[in-house]
Amino acid sequence: MSNVEAEPVALVGGSTPGAAVVEVLEPRDVPLGGPRAMTVRRTLPQRSRSLIGAWCFADHYGPDDVSVSGGMDVAPHPHTGLQTASWLFSGEIEHRDSLGVHALVRPGELNLMTAGHGICHSEVSTPATTVLHGVQLWIALPDADRDAPRDFQHHVPEPVGLDGATARVFLGTLAGHTSPVRTSTPLLGAELVLDPGARLVLEVDPAFEHGVLVDLGGVELEGTALAGGALGCLGVGASRLRLDNPGDAPARVVLLGGEPFGERLVMWWNFVGRSHDEVARYREQWQEGSERFGRVEGYPGDRLPAPPLPGGRLRPRGNP
Ligand code: MN
């Protein structure tokens, strides 16, 4: 996924230790641009909160009839200092990157690409896709790992039956099930499908902040109603997390968690860095075709040019 918003959003953390207050982040519609007209719902970053743990970006899309929306066609574009986590509910995306990985993203399968020092990739929904529906999430890498080499991990979690729900734990640990996928900071990522009328009480790590991104149906997080598309956030300090599905159809959510990310970030376009000058250099290097990002083989078209930097200096922000 490529971020087409050229204006930086202020990065503000929102954790309040011990408070079981749910902060509800509503999505905003963002067109992805490019040759097709696909629009995503973005819940992170926002002015009121940028991060849940190291999760720093959340795009949710579909269900889109690709004969109407045109599907996804994101030309080669760069990333630095982050990992992209792709998770689909429906459809299929062809991924190509400058590590040489050519992979399909399929429903229920995690593709985690590590940009580290620099990578570029393209993402195109396949001709067989009729309905495209999923999320793309970014994870900020901590200073110690943000210049690491490119990497790509793939994992298909087994569905786990819980009382009233089915879980797929793609990152971290939930309900005694642990994903083998490596992360640089303690993280949780899981898909949960709640039965109609179900109440689910999950044991969670009180050192984590959590987010519940609602896909299908509406749920209640600690009694706070979350409509489809919303991201409900809980600060650190909770050892249990209560989710209700008051509806008469299954509800589906993506549960995110992680230890508060203590570092200040500059996020602009598809780059995560630490200073204006660093991000400006990444941009220049992409425009110059620097080896920092390598090449994508097999994409039938041009790569995405970087937008102009906004006026003024990009400022690093972090958790207060
Ligand atoms: Mn991308």
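Just above sits the structure.
The present account deals with the structure reproduced in this document. On a predicted model such as this, the values are computed, not experimentally measured, just so you know. (Residues numbered from 1 in each chain as written. Predicted model: local features only at pLDDT ≥ 70, side-chain atom pairs only at ≥ 80, totals over all residues. Heavy atoms only, no water.)

## Here's the deal with the overall build of the protein
Within the protein one finds two helices and 26 strands. Radius of gyration (C-alpha) of the protein: 18 Å, near the 20 Å computed for a compact globule of 320 residues. C-alpha extents for the protein along the principal axes are approximately 55 × 45 × 35 Å. Classification of the 320 residues of the protein by burial places 57% in the buried group. Partitioning the intrachain contacts of the protein with sequence separation of at least 6 by distance along the chain shows that 73% fall at a separation of at least 24. In the form shown here, the protein has an accessible surface area of approximately 12400 Å², with 50% of it arising from carbon and sulfur atoms. A gap of 6 Å separates the mean positions of the 26 positive and 39 negative side-chain charges of the protein. (Helix = DSSP H or I, 4+ residues; strand = E, 2+ residues; numbered from the N terminus. Rg over C-alpha atoms; globule rule 2.2 N^0.38 Å. Buried < 20%, exposed > 50% of the residue type's maximum accessible area, 1.4 Å probe, protein only. Contact = heavy atoms within 4.5 Å. Areas by Shrake-Rupley, 256 points an atom, 1.4 Å probe, with all protein chains shown as cover. Lys, Arg positive; Asp, Glu negative; His and termini not counted. Charge placed at Lys NZ, Arg CZ, Asp CG, Glu CD.)

## A few points about unusual backbone geometry
For residues besides glycine, phi is generally negative; the peptide bonds are generally trans as well. Look at the link from Leu 44 to Pro 45: it is a cis peptide, with omega at -5°. Cis rather than trans, the peptide bond between Gly 62 and Pro 63 has omega equal to 5°. Within the element layout of this structure, Pro 63 appears in strand E4 (residues 55-65). Despite not being glycine, Glu 222 has its phi angle at roughly 50°, a positive value. Within the secondary structure, Glu 222 sits in the loop between strand E20 (219-221) and strand E21 (224-226). Unlike most non-glycine residues, Trp 269 shows phi in positive territory, near 50°. You can see Trp 269 is positioned in the loop between strand E25 (266-268) and strand E26 (271-273).

## Some thoughts on the pairing of strand E6 (residues 82-90)
With respect to burial, E6 is a largely interior element, eight of its nine residues being buried. Examined bridge by bridge, E6 and strand E11 (residues 131-140) share eight bridges and lie antiparallel to one another. Counted as the bridge partner of Ser 90 is His 133 from E11. In the sheet, E6 pairs with strand E9 (residues 110-114) via four bridges, with the strands oriented antiparallel. Following the sheet pairing, Gln 83 is matched in E9 by Thr 114. (Pairing = 2+ DSSP bridges.)

## As for the pairing of E9
Burial runs high along E9: five of the five residues are buried. Residues Leu 110, Leu 112 and Thr 114 of E9 are buried on one face, and the alternating residues Asn 111 and Met 113, pointing to the opposite face, are buried as well. Relative to strand E12 (residues 151-155), E9 runs antiparallel, the two being bridged by five bridges. Across the sheet, the residue bridging to Leu 110 is His 155, located in E12.

## Overview of the packing of aromatic side chains
Tallying each qualifying case throughout the model produces eight aromatic pairs. Of the aromatic side chains, those joined through ring pairs into one cluster are Trp 268, Trp 269, Phe 271, Tyr 282, Trp 286 and Phe 293. When the ring centre of Trp 286 is taken as reference, the NZ or CZ atom of Arg 303 above it lies at 3.7 Å. (Phe/Tyr/Trp six-rings, centres within 6.5 Å; stacked < 30°, edge-to-face > 60°. Lys NZ or Arg CZ within 6 Å of the ring centre and 35° of its normal.)

## Examining the pattern of salt bridges
Under the definition given, this model contains 14 salt bridges. Linked by salt bridges that have partners in common, Glu 23, Arg 49 and Glu 209 make up one network. (Salt bridge = Lys/Arg side-chain N within 4 Å of Asp/Glu carboxyl O.)

## Describing the sheet that holds E4
The antiparallel open sheet is built from seven strands, whose spatial order is E2-E3-E4-E11-E6-E9-E12. Edge positions in the open sheet fall to strand E2 (28-31) and E12, since each of these has one partner strand only. Recorded for the sheet is a direction-independent mean angle of 20° between the axes of neighbouring strands. Of the strand pairs in this sheet, E2 and strand E3 (residues 39-44) are connected by four bridges, and their pairing is antiparallel. (Axes fitted to C-alpha atoms, helices over the stretch in contact; angles between N-to-C directions.)

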